[in-house]
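Single-letter residue listing:
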Amino acid sequence: MTYAAITGWGKCMPPAVLSNADLATFMDTDDEWISTRTGIRERRVSHVSGVDLSHVASVRALACAGLAATDLDLIVYGSCSNDEQIPNTASGLQYKLGATHAAAMDVNTACTSFLYSLSTANALIRTGAIKSALVVGVEVIAPFMDWHNRNVAVLFGDGAAAVVLQASERPEGVLGEKLGCYADARQTLRVRGTGLAYASGAVTYGDTLWDFDGQEIFKRAVVGMSHASADVLSRCGHGIDDIGLIVPHQANLRIIEFVARKLGASMDKVFLTIQRYGNMSAATVPVALVEALEEGRVAPNSLLLTPAFGGGLTWCSHLIRWGERTTPRDGTDVDLPPPTRSALEMVRQFMANKGTAGRSTAGLNAVRFAESP
Ligand code: UT7
């Protein structure tokens, strides 16, 4: 039987840090509220595009695997903050990497995009359709954040990471997954202004309003992540005690604690990045996975569990058998150019560009959706 081993991994975190204190300079919030309600202390703001961020992460992942970009059969770009709708963003990454033999597709399931992308690439390798793939989780959310909405603006951050999958006869990589979606809750997270429904000119494209029912998302996330985890564990014949490390989606520390409790896992087994990076949507799980490897938290041949949820309201959990190797084969000097402005200066510029100060929301609210919810 063919499996899809994870042979390479790399991340690229934008260097500009936006602290809770920075946020408190322009919105009615404070470090105490944000850190006790969410666990977040700071997040990153990208000064480059999603393709540029994921390019550096991908070059690092390829060096780690010891694979040339021209050997890739497929690139899957998991994100909900694509640089453009058309052409797709994976093609931009393919071009920048010189991965001339790779098919290139975007997958958007919001925060679960990397994990749905992983399932897609894993399945194509396991059926023999392809032999290698690059799977990316990347978000550049700061430019379309509604920085006037403290309910959401404190939660998110930018980042990117990538993994390389290669066909293997050893039983490793994704052993099983459970994917699902509570579509009746899709209205709980909607970014008005980012899709073609808004291209009519009724509003300035890119000016956003976030519909966000935090408490409902919280409840659904706990149920979805724990249900998916219990399902995949029992189908694969494993219990929570067999898991070496849980690498969950990180939207709120309290959500993670609830899920761990429901699964009967101690928090010692959970790898956290939320304090430093906030919720990076699709980038969260792969960045955490890379950091867990860097910190020696992934044992050779151990089992990992990656419960996650995202807008839609999508949810999933993957059971992954890590391979023998937990260190990179090689490194690279490729890096981002340094930012010329601080994170706070970039955010103030985004706000000024959109003219959001004191704006009317009538245009955005007037956009009608044909479907419901
Ligand atoms: O990947 C999908 C992303 N979605 C999520 O991660 C959402 C999951 N939900 C959550 O993480 C939590 O529901 C939140 C962190 C969003 C909110 O926490 P909460 O404990 O559910 O707070 P709340 O919404 O009940 O708000 C409590 C209070 C409210 O004030 P009043 O009405 O009690 O006077 C809010 O206005 O906290 C206020 N508040 C804030 N105060 C200071 C809301 N946001 C802030 C803020 N700073 N940033």
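The text that follows walks through the structure, step by step, so that each part is easy to find. (Residues numbered from 1 in each chain as written. Predicted model: local features only at pLDDT ≥ 70, side-chain atom pairs only at ≥ 80, totals over all residues. Heavy atoms only, no water.)

Here we take up the packing of aromatic side chains. Applying the stated criterion across every chain yields a total of six aromatic pairs. Seen from their ring centres, W9 and W322 are 5.4 Å apart, and the 65° between their planes marks the pair as edge-to-face. Taken together, the positions of W9 in strand β1 (residues 3–12) and W322 in the loop between β14 (314–321) and α11 (343–354) put the pair 313 residues apart, joining distant regions of the chain. The same class applies to W9 as to W322, namely buried. Measuring from centroid to centroid gives 6.2 Å for F26 and W147, while their planes differ by 65°, and the two rings are edge-to-face. (Phe/Tyr/Trp six-rings, centres within 6.5 Å; stacked < 30°, edge-to-face > 60°. Helix = DSSP H or I, 4+ residues; strand = E, 2+ residues; numbered from the N terminus. Buried < 20%, exposed > 50% of the residue type's maximum accessible area, 1.4 Å probe, protein only.)

Locating I86 in the fold gives a position in the loop between β4 (74–78) and α4 (89–97). Classification of I86 as exposed rests on a relative accessible area of 72%.

Among the nonpolar cores identified, the biggest contains 40 residues, and L118, V163, L165 and W322 are the most heavily contacted of them. Secondary structure elements with two or more residues in this core: β1, β4, α5 (113–126), β6 (132–139), β7 (159–168), α10 (284–294) and β14. Element by element, the count of residues in this core is highest for α10, at seven residues. Look past the residues within four positions of L165 in its chain and what remains in contact with it is A4, A5, I6, L118, A121, N122, I125, K131, S132, A133 and V135. With 28 residues, the next largest nonpolar core counts L53, L97, L134 and L336 among its residues. (Core = buried A, V, L, I, M, F, W, Y, C linked by side-chain atoms within 4.5 Å. Contact = heavy atoms within 4.5 Å.)

Oppositely charged side chains may form a pair once their charged atoms are brought near each other. Under the criterion given, the structure shown has 13 salt bridges. Here D28 and R150 are joined by a salt bridge, their closest N and O atoms 3.6 Å apart. With a gap of 122 residues between them, D28 in the loop between α1 (20–23) and α2 (31–38) and R150 in helix α6 (residues 150–153) connect regions that are remote in the sequence. A relative accessible area of 61% places D28 in the exposed class. Each of the salt bridges in this network shares a partner with another, and the network as a whole consists of K11, R276, E291 and E294. (Salt bridge = Lys/Arg side-chain N within 4 Å of Asp/Glu carboxyl O.)

Here the focus is the packing of helix α3 (residues 50–65) against α4. Interaxial distance between α3 and α4 falls to 10 Å at its minimum, and their mutual angle equals 55°. Taken together, the axes of α3 and α4 lie oblique to each other. α3 and α4 meet at a crossing whose hand is right-handed. For the pair formed by α3 and α4, the contact residues are V51, D52, S54, H55, S58, V59 and L62 on the first element and T89, G92, L93, K96 and L97 on the second. Class assignment of the residues belonging to the contact of α3 with α4 gives a composition of five nonpolar, five polar and two charged. (Axes fitted to C-alpha atoms, helices over the stretch in contact; angles between N-to-C directions. Parallel < 35°, antiparallel > 145°, perpendicular 65-115°, else oblique. Left-handed = near helix turned anticlockwise from the far one by under 90°. Nonpolar A, V, L, I, M, F, W, Y, C, P; charged D, E, K, R; others polar.)

Looking at the ligand, there are 23 residues lining it, with T29, R37, R150, Q215 and N252 nearest. Between the ligand and T29, the relevant distance is 2.6 Å, taken from a nitrogen atom to a side-chain nitrogen or oxygen of the residue. Within the contact set of the ligand, an oxygen atom lies 3.1 Å away from a side-chain nitrogen or oxygen of N279. The protein chains hide 74% of the 960 Å² of surface that the ligand would expose on its own. The set of elements that each furnish at least two residues to the shell around the ligand consists of α2, α6, α7 (214–235) and α8 (253–263). At four residues, α7 tops the list of elements feeding residues into the shell around the ligand. By residue class, the composition of the shell around the ligand is 11 nonpolar, eight polar and four charged. (Near = heavy atom within 4 Å. Polar contact = N/O pair within 3.5 Å; in protein donor to acceptor, adjacent residues only side chain to side chain. Areas by Shrake-Rupley, 256 points an atom, 1.4 Å probe, with all protein chains shown as cover.)

Another aspect to go through is the environment of I34. With respect to the helices and strands, I34 occurs in helix α2. Given the relative accessible area of 0%, I34 is considered buried. For I34 and A21, which are 13 residues apart along the polypeptide, the C-alpha to C-alpha distance reads 10.0 Å.

Following both chains from N to C, one finds α7 and α8 inclined at 35°, their axes separated by 9 Å at the closest point. Considering the relative orientation of α7 and α8, their crossing is right-handed. Every residue of α8 that contacts α7 at F218, A221, V222, M225, S226, S229 and A230 is listed here: R254, I255, F258, V259, K262 and L263. Considered class by class, the residues forming the contact of α7 with α8 number nine nonpolar, two polar and two charged.

In this model, I86 is joined to P87 through a cis peptide bond whose omega is 0°. Note that the residue after G312, namely L313, is joined by a cis bond; omega there is 0°. Within the secondary structure, L313 sits in the loop between β13 (308–310) and β14. One non-glycine residue, A110, lies in positive phi territory at about 60°.

Our focus in this paragraph is α5. Along its 14 residues, α5 runs 20 Å from first to last C-alpha, staying within 8% of the 20 Å computed at 1.5 Å per residue. Judged by how many residues are buried, α5 sits mostly within the fold: 10 of 14 residues are covered. Within the sequence span of α5, burial applies to S113, F114, L115, Y116, S117, L118, S119, A121, N122 and I125. Residue G128 follows α5 closely and has a positive phi angle near 90°. (Expected span 1.5 Å × (residues − 1).)

These values are about where atoms sit, not about what they do.
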